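Geometric and topological summary
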Amino acid sequence: MQMTQITNSKELLSTALQSRIIPNQEFLLQGSILDSAVDHLIHRLRGLCDTVDASPEQFHDLEVCLSLRQPTQTAPLMLRVRRALDRDSPFQLRYIGQPELDRSRPTLVRSSIDVGCTSTILDFLTELGCRLDFEYVSRGYIFRKGRMKITVSKIKAVPGKQQEIGSETVSQSYLVELSVLAPNGQDSIGDEMRIFAEQLKPLVQLEKIDYKRLGGLP
Amino acid sequence: MGVTVLLPYQIPEGKTGAQAIDYLTKRLLALGAIHTGQFLVDCETYISTPQHGPAKTVHVLHDSEYPASTFSILDNGAGKQIPLVADNLFDLLMLKMTSVYTSKKQTKIESKGARFEYGDFLIKLGSVTMMENFKGILIEIEYRPCVVLSYCWEMIRETLQGFLGMPIAKEYPAYFSQQIMNTMGQQQIHTKQNEVYEPIDTINQYLESFTNYRKQNVLPVAGGATGGASSAQNAAANMQGGNQRMR
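If you check an unreviewed UniProt entry, chain B appears there as Mediator of RNA polymerase II transcription subunit 20 from Bactrocera dorsalis. Regarding chain B, the relevant UniProt record gives this comment under Subunit (unreviewed entry): "Component of the Mediator complex." If you open the UniProt record of chain B and go to Subcellular location (unreviewed entry), you find "Nucleus".

Under an unreviewed UniProt entry, the name given to chain A is Mediator of RNA polymerase II transcription subunit 18, and the organism recorded is Bactrocera dorsalis. Annotation of chain A in UniProt includes, under Subunit (unreviewed entry), the sentence "Component of the Mediator complex." Checking UniProt for chain A, the heading Subcellular location (unreviewed entry) contains the comment "Nucleus".

In structure tokens form, the structure reads like this:
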């Protein structure tokens, strides 16, 4: 530690925000691929992404979606808690804002705050007043290309507590997501992502998905 | 990471806070402790709005010893406290909840001061200020090679007696003699002093002390000014600067 005067955490945070080093925006493209063709996609991604030699990294997560009703605002605050089922790692708390579907932008952009935290988080949020909306298990592969993250995963329903977690699949496809978490003002990443998405065609068509048009979701 | 004991220091009669800090600093340096910079522990408390059911309290604390973390303790108003350790971006999330949880700005409190290394010990002399008012002195002492208090309390106690020049009770500090509840809410047979120590324990001790300082509420303004003296006023001035920048 240095001998200099120590700064207040609030001050540090505002400095970090001003100098745009906090990754608080998510750029996202989504698509899907049938189970029968997923091997081709994995093969393609292994060729295109970093660490070509290693076998693709796998993940198996439980994602719990909660919301906090806010009296003064119409939209509730949406929070997600992600927990790895296959390894012992910190829980992840995510805030995801309303998506901006600006036509001029190549990807969906939404504000996002990712926070690693202790396993007390679910209890904490429940006592805070959050309500459980839904939960699911996602299992699949993760690839990296520079700062882009590509996941190919199977979404499964969380079965009754007595059953083994993650045995009921929701569909006959894999969800494919291409995302980057970046600080404000780095819009050029969108073009980078679009170019990468082009390279995955025609196996998978990555698009901006407007959830509101799908219905059923707030 | 070791075991930390937090001790409110009784300022001797007739001395100001700054004089007491000065006195302790001299004694530490004379023992051979090395001054290794500053430290800061701050605490802000958020309370849920009445529309949101029974009042709940979230205490958010930061400790410069763990600069990447934000510590939160949620008090549900029914005797249940849930601790949470998160990345420091958690502060941004708290800002998103302002319509449900509002900050009680007037109770923002911090302990700030010099940090010393003395062999295996880490000693911090903190002046506690709330709203620019000097509240008292908190001494933090950490014995770093060990993580269970019952194994090293005697050593910590001896060191404390050495540099404070006053006797310290043989019993474990109150925080460590509480019974541990397990997840089922049952009391376990052993107490905190035999548990593996974690950073959240330091935070809990600070919160306990801060809560006590908050309770002994509105000191006369004159007392705050004379007691505060230079270091506390500096701290207060810095705090104010920080707030202005935030706005």
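1. As for the pairing of strand 5 (residues 108–117) of chain A
Residue and element names in this part refer to chain A. When you tally the buried positions in strand 5, you get 9 out of 10 residues, the bulk of the element. Relative to strand 5, strand 1 (residues 25–34) is paired through 4 bridges, and the arrangement is antiparallel. Each residue of the ladder has a partner; that of F27, found in strand 5, is V109. Of the strand pairs in this sheet, strand 4 (residues 91–96) and strand 5 are connected by 6 bridges, and their pairing is antiparallel. Across the sheet, the residue bridging to R94 is D114, located in strand 5.

2. Quick word on the pattern of salt bridges
For the structure shown, the criterion picks out 24 salt bridges over all chains. Ionic pairing is found between E26(A) and R110(A), a salt bridge with its closest N-O pair at 2.8 Å. Residue E26(A) is located in strand 1, and its partner R110(A) is located in strand 5; the two are separated by 84 residues in the primary sequence. An identical accessibility class is assigned to E26(A) and R110(A); each is buried. Measuring nitrogen to oxygen at the nearest pair gives 3.2 Å for the salt bridge that ties E154(B) to K170(B). Taken together, the residues E154(B) in helix 3 (residues 149–164) and K170(B) in the loop between helix 3 and helix 4 (174–177) connect sequence positions 16 residues apart. The exposure class of E154(B) is partly exposed, given its relative accessible area of 39%.

3. A few points about the confidence of the model for chain B
All names here are of chain B. Scored by pLDDT, chain B comes out at a mean of 85, with 83% of its residues at no less than 70. Predicted confidence is poor over residues 219–247, with pLDDT under 50, and the contacts of this stretch with residues over four places away or in other chains come to 34 contacts. On the interface metric, ipTM, the complex scores 0.86, and its pTM is 0.85.

Rules used in this analysis
Residues numbered from 1 in each chain as written. Chains lettered and ligands numbered in written order. Predicted model: local features only at pLDDT ≥ 70, side-chain atom pairs only at ≥ 80, totals over all residues. Heavy atoms only, no water. UniProt positions renumbered as here; feature names shortened; annotations may be inferred. Buried < 20%, exposed > 50% of the residue type's maximum accessible area, 1.4 Å probe, protein only. Helix = DSSP H or I, 4+ residues; strand = E, 2+ residues; numbered from the N terminus. Pairing = 2+ DSSP bridges. Salt bridge = Lys/Arg side-chain N within 4 Å of Asp/Glu carboxyl O. pLDDT = per-residue confidence, 0-100. Contact = heavy atoms within 4.5 Å.

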